[in-house]
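Commentary on secondary and tertiary structure
As a plain string of letters, each chain reads:
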Amino acid sequence: MSGDQAANVVWYVLALTLVGSALLSRRFSLKSALGMALAWIAIFLVVLTVFSYRQELGFVATRVQTEVTGAPRQQTVGKAIHIAMASDGHYWVEGSVDTTPTRFLIDTGASITALSQATAQQAGLAIDQQRVAMMQTANGSVEAKYSVVPALTVGAIRSSDLQVIVSPAFGEVNVLGMNFLSQLKGWRVENGEMILEPQ
């Protein structure tokens, strides 16, 4: 039996015990006893629902707190970076391409980091005009060219000589892909936050 199954069994036993003890400790009419039983069943279902969806509810609470209090979306805890989900449902992180401040969308489905044309120009990156990559996007196939970022930094995390692709088709969006994330000790989503752990 797994830990979750065992926890569910415990909840069922506790709920039945509470209902049974409440009914046996007092004398009620059949109508009162039925009403009491239904009330306990409703309480049990609410508690079970909260317990079953505790992680999702924690995520919602984190998002609400971030939106209401204006808490920082990006915080460093030790060396790890904690990033709150934005209102658009994505994780955005502040970093730099060399010394150029850059905002990145973290995309675990992207194999390579992608930069907008404007970001590449501001950072003074050399674009390889000979190598062309054809990328599939929601708007169809787009052409991108390769470059290398001498230093891409996010908090305490630094990647040197990182290969990227550049295209005006990306608009103003910069994407942090798996060739950056795979250099980390680990990354995960926990309680509505994405956590990046450096080596």
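Residues numbered from 1 in each chain as written. Predicted model: local features only at pLDDT ≥ 70, side-chain atom pairs only at ≥ 80, totals over all residues. Heavy atoms only, no water.

Of regular secondary structure, the chain possesses five helices and 11 strands. Considering the chain as a whole, with its 199 residues, one finds that 34% of them fall into the buried category. Contacts in the chain between residues far apart in sequence, at least 24 positions, make up 50% of those at least 6 positions apart. Surface summary for the chain: the accessible area is close to 12,100 Å², and the carbon and sulfur share equals 58%. (Helix = DSSP H or I, 4+ residues; strand = E, 2+ residues; numbered from the N terminus. Buried < 20%, exposed > 50% of the residue type's maximum accessible area, 1.4 Å probe, protein only. Contact = heavy atoms within 4.5 Å. Areas by Shrake-Rupley, 256 points an atom, 1.4 Å probe, with all protein chains shown as cover.)

The antiparallel open sheet is built from four strands, whose spatial order is 1-2-11-10. If you trace the sheet from one side to the other, it starts and ends with strand 1 (74–77) and strand 10 (186–190), each paired once. Direction aside, the axes of adjacent strands within the sheet are offset by 20 degrees on average. Across four bridges, strand 1 lies against strand 2 (residues 80–84) in antiparallel orientation. Bridging across to strand 2, Gln75 finds its partner in His82. (Pairing = 2+ DSSP bridges. Axes fitted to C-alpha atoms, helices over the stretch in contact; angles between N-to-C directions.)

To continue, consider the packing of aromatic side chains. Counted according to the given criterion, the structure contains zero aromatic pairs. Sitting over the face of the ring of Tyr146, Arg131 holds its NZ or CZ atom 3.9 Å from the ring centroid. (Phe/Tyr/Trp six-rings, centres within 6.5 Å; stacked < 30°, edge-to-face > 60°. Lys NZ or Arg CZ within 6 Å of the ring centre and 35° of its normal.)

The next point concerns unusual backbone geometry. Unlike most non-glycine residues, Asp98 shows phi in positive territory, near 55 degrees. Following the sequence through the fold, Asp98 ends up in the loop between strand 3 (92–97) and strand 4 (100–106). On the accessibility criterion, Asp98 (27% relative accessible area) is partly exposed.

Position of Ile83 relative to the elements: it lies in strand 2. As for Ile83 and Met194, which are separated by 111 residues in sequence, their C-alpha atoms are 5.1 Å apart.

Here we come to the pattern of salt bridges. By the definition in use, this model includes three salt bridges. A salt bridge links Arg188 to Glu190; its shortest N-O distance comes to 3.0 Å. Judged by relative accessible area, Arg188 falls into the partly exposed class, the value being 32%. Relative accessible area serves as the criterion here: at 36%, Glu190 is assigned to the partly exposed category. (Salt bridge = Lys/Arg side-chain N within 4 Å of Asp/Glu carboxyl O.)

Summarising the sheet, strand 2 and strand 11 (residues 193–197) pair through four bridges and their orientation is antiparallel. Across the sheet, the residue bridging to Ala84 is Glu193, located in strand 11. Connecting strand 10 to the next strand, strand 11, in antiparallel fashion are two residues, including Asn191 with a positive phi near 55 degrees.

What follows covers the side chain of Ser167. Structurally, Ser167 is set in strand 8 (residues 157–167). Residue class for Ser167 comes out buried when judged on its relative accessible area of 1%. Here Glu143 takes part through its backbone oxygen, which lies 2.8 Å from a polar atom of the side chain of Ser167. Non-local contacts of Ser167, meaning those with residues more than four positions away in its chain, are made with Leu115, Ser116, Gln117, Glu143 and Ala144. (Polar contact = N/O pair within 3.5 Å; in protein donor to acceptor, adjacent residues only side chain to side chain.)

Moving on to the environment of Arg103. Relative to the assigned elements, Arg103 resides in strand 4. Separated by 51 residues in the primary sequence, Arg103 and Val154 place their C-alpha atoms 9.6 Å from one another. Ignoring anything within four residues of it in the chain, the contact list for Arg103 reads Trp92, Val93, Glu94 and Asn174.

Attention now goes to a nonpolar patch on the surface. The grouping of Leu34, Leu38, Ile41 and Leu45 at the surface amounts to a nonpolar patch, some 380 Å² of accessible area in total. Within the secondary structure layout, Leu34 lies in helix 2 (residues 30–52). (Patch = residues over 30% accessible without salt bridge, like charges linked within 9 Å, V, L, I, M, F, W, Y side chains within 5 Å.)

Next up on the list: the side chain of Ser116. Positionally, Ser116 belongs in strand 5 (residues 113–116). For Ser116, a relative accessible area of 2% corresponds to the buried category. In this view, Ser116 contacts Val166, Ser167, Phe170, Gly171, Glu172, Val173 and Asn174; residues no more than four positions away in its chain are not counted.

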